[in-house]
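Chains, contacts and geometry: an overview
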Amino acid sequence: MSTKINPEIKDLMKAEHYRPLVSVIVPFEPKTGVKVEVTQHLKFVVDKVEREIKDNYPGEPGTLVIQKLRGIIADLDLSTDKKSIAIFVSPLFQKILYLDIEVSEKIIIDESFEIRDLVYAKRESHNYLVFLLSGSEYKSYTWKNDTFVKVKTSGPHHIAAVVGNPSERVSNFSDPSGLKEATLRKFLYEADKELSDILKMYPLPVFLLGTEKVLGYFKAISANQKAIAGYIHGNYEDATEYELKELLNPYIQDWKKIKTMSLLQQIESAAGAGKLSTGMEDVWRQALQRIGRLLIVEKNFVYTAEQGKAEDIIYKANDPDNKAFYIKDAVDDVIEKVLEYGGDVEFVDEGTLSDYQHIALIQYY
């Protein structure tokens, strides 16, 4: 999608004979599915688009759009490992994007080419971490694609690994209860370091499960409190996957709140690591460097810009109608670049990123 347009061309595109504008967003995983079925479904989608265009846009422009759409489908790269595709077609324009995000199928006719529609089309998934703590061991799981998967790590999963030798225990502690408490604290400290490493691999909300005493100790020493979506008291060492799922269901009802909290925590972590860009001009510059892992932007945030002397420099356009060239919405362009370069995009409610000028880009690190 090119939003850097001359105002006169923009007016022409608004005219009736430059429509229809068609956006098709569909799942596309030929490597994991039967390629014949994938192409057959896409042909079905094109047939659906054709029927609507013939009903509402008879004539040469509609016919041209259908021809372009069929040509794109015929030339699809069936060897790709991407998860979805987005096709944008008008009588003047055509483009296909191969994307790394999962989407729900969406067809838009006679709408503007809003790249953010790709993000709105993403299927919402409840992905999170479960960290099971007891007084003697810990376990960690990811919940993804409706199943628990145990996280394999190299840390001291059992308290026996941090007990120390017998002579050290006797010389340092005359009170066995003092030794036991000190050992527990040391073990929980190691567990927290392990959780930090897990969060680097899986930056997800964390649900912490354990007895009230153990979680109380852990909360007092943990460096990961901002990542914790919920503390659940009880002994769940032997809980089955079904029991864990049922236990967690009430805690994920307000998923939007949990997800926003997780995104803000990721922003803070990236800032601490020197891997965060904020504000439209800085985000634009870094996105062009192909180092954006996750773009987080407020819904309905729009930024009309002027192009600077270099491609990676933009400025806020105060009066775009008086400019020969301008960028209609730099946010859409950044979304496109991040997605094309293998990153991901998340939207949050307006005002959530007020401290970050409404947009933030987390870099790879």
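What counts and how
- Residues numbered from 1 in each chain as written.
- Predicted model: local features only at pLDDT ≥ 70, side-chain atom pairs only at ≥ 80, totals over all residues.
- Heavy atoms only, no water.
- Helix = DSSP H or I, 4+ residues; strand = E, 2+ residues; numbered from the N terminus.
- Buried < 20%, exposed > 50% of the residue type's maximum accessible area, 1.4 Å probe, protein only.
- Contact = heavy atoms within 4.5 Å.
- Areas by Shrake-Rupley, 256 points an atom, 1.4 Å probe, with all protein chains shown as cover.
- pLDDT = per-residue confidence, 0-100.
- Core = buried A, V, L, I, M, F, W, Y, C linked by side-chain atoms within 4.5 Å.
- Salt bridge = Lys/Arg side-chain N within 4 Å of Asp/Glu carboxyl O.
- Pairing = 2+ DSSP bridges.
- Axes fitted to C-alpha atoms, helices over the stretch in contact; angles between N-to-C directions.
- Parallel < 35°, antiparallel > 145°, perpendicular 65-115°, else oblique.
- Nonpolar A, V, L, I, M, F, W, Y, C, P; charged D, E, K, R; others polar.

**As for the overall build of the chain**
Check the secondary structure of the chain and you find 11 helices and 17 strands. Per-residue burial over the chain gives 44% buried out of 365 residues. When contacts within the chain are restricted to residue pairs at least 6 apart in sequence, long-range pairs at least 24 apart make up 68% of them. Within the structure as shown, the chain displays about 19,100 Å² of accessible surface, and the carbon and sulfur contribution to it stands at 49%.

**Digging into the confidence of the model for the chain**
Of all residues in the chain, 86% attain a pLDDT of 70 or more, and the chain-wide mean is 84. Across residues 1–17 the pLDDT falls below 50, and counting only partners more than four positions away or on other chains, this stretch makes 30 contacts in the model. Across residues 165–171 the pLDDT falls below 50, and counting only partners more than four positions away or on other chains, this stretch makes three contacts in the model.

**Section: the nonpolar core**
Met280 and Leu295 are the most contacted members of the largest nonpolar core, which totals 30 residues. Among the secondary structure elements, those contributing two or more residues to this core are strand S3 (84–90), strand S4 (93–99), helix H10 (280–287), strand S12 (292–298), helix H11 (330–340), strand S16 (344–348) and strand S17 (359–363). Element by element, the count of residues in this core is highest for H11, at six residues. Once residues lying within four places of it in the same chain are set aside, the contact partners of Leu295 are Val283, Val334, Ile335, Val338, Asp344, Val345, Glu346, Ile359, Ala360 and Leu361. Membership of the second largest hydrophobic core comes to 22 residues, among which are Phe131, Leu133, Leu184 and Phe187.

**Observations concerning the pattern of salt bridges**
If you walk through the whole model with that rule in mind, you get 11 salt bridges. A salt bridge links Asp349 to Lys256; its shortest N-O distance comes to 2.9 Å. Highlighted residues: Asp349 in the loop between S16 and S17 and Lys256 in helix H9 (residues 255–272), separated in sequence by 93 residues. One connected set of salt bridges, linked through shared partners, spans Asp47, Glu50, Lys54 and Arg70.

**Re the sheet that holds S16**
Backbone hydrogen bonds are what pair the strands of a sheet, in a parallel or an antiparallel way. Pairing in this open sheet of four strands is mixed, and the strands run S11-S17-S12-S16 from one edge to the other. Of all the strands in the sheet, the pair left with one neighbour each is strand S11 (276–278) and S16. Across the sheet, the axes of successive neighbouring strands diverge by a mean angle of 20°, strand direction being ignored. Sheet topology places S12 next to S16; five bridges connect them, and they run parallel. Bridge pairing in S16 links Glu298 to Val348. Against the sheet, H10 contacts S11, S12 and S17, and its axis sits at roughly 30° relative to S17. Contacting S12, S16 and S17, H11 crosses the sheet at an angle of about 140° to S16.

**Overview of the side chain of Thr142**
By the element assignment, Thr142 lies in strand S7 (residues 138–144). Judged by its relative accessible area of 9%, Thr142 falls in the buried class. Apart from the residues lying within four places of it in its own chain, the contact partners of Thr142 are Tyr128, Leu129, Thr147, Phe148, Val149, Val151 and Tyr202.

**A short note on the pairing of S12**
Across the seven residues that make up S12, a large majority, six, are buried. Both S12 and S17 contribute to a ladder of five bridges, which runs antiparallel. Within S17, the residue paired with Leu295 across the bridge is Leu361.

**So, the packing of helix H2 (residues 35–56) against helix H3 (residues 60–74)**
Where H2 contacts H3, the axes come no closer than 10 Å and their chain directions differ by 175°. The angle between the axes of H2 and H3 places the two elements in the roughly antiparallel class. Touching Leu42, Val46, Asp47, Val49, Glu50 and Ile53 of H2 are Gly62, Val65, Ile66, Leu69, Arg70 and Ile73, all from H3. Within the contact of H2 with H3, the residues separate by chemical class into eight nonpolar, one polar and three charged.

**Topic: the pairing of S4**
With seven bridges joining them, S3 and S4 adopt antiparallel strand pairing. When the bridges of S4 are listed, Ser84 appears paired with Leu99.

**Here's the deal with the sheet that holds S4**
One open sheet accounts for four strands, arranged S4-S3-S2-S5; its pairing is antiparallel. The sheet is open, and its two edges are formed by S4 and strand S5 (106–109), each paired on a single side. For this sheet, the mean angle separating the axes of adjacent strands, direction not counted, is 5°. In this sheet, S3 lies alongside strand S2 (residues 22–27) in antiparallel orientation, the contact comprising six bridges.

**Quick notes on unusual backbone geometry**
For Asn300, which is not glycine, the phi dihedral falls at a positive 70°. Take Asn300: its relative accessible area is 54%, and that puts it in the exposed class. Here His358, not a glycine, exhibits a phi torsion of approximately 80°, which is positive. Looking at where His358 falls in the secondary structure, it is placed in the loop between S16 and S17.

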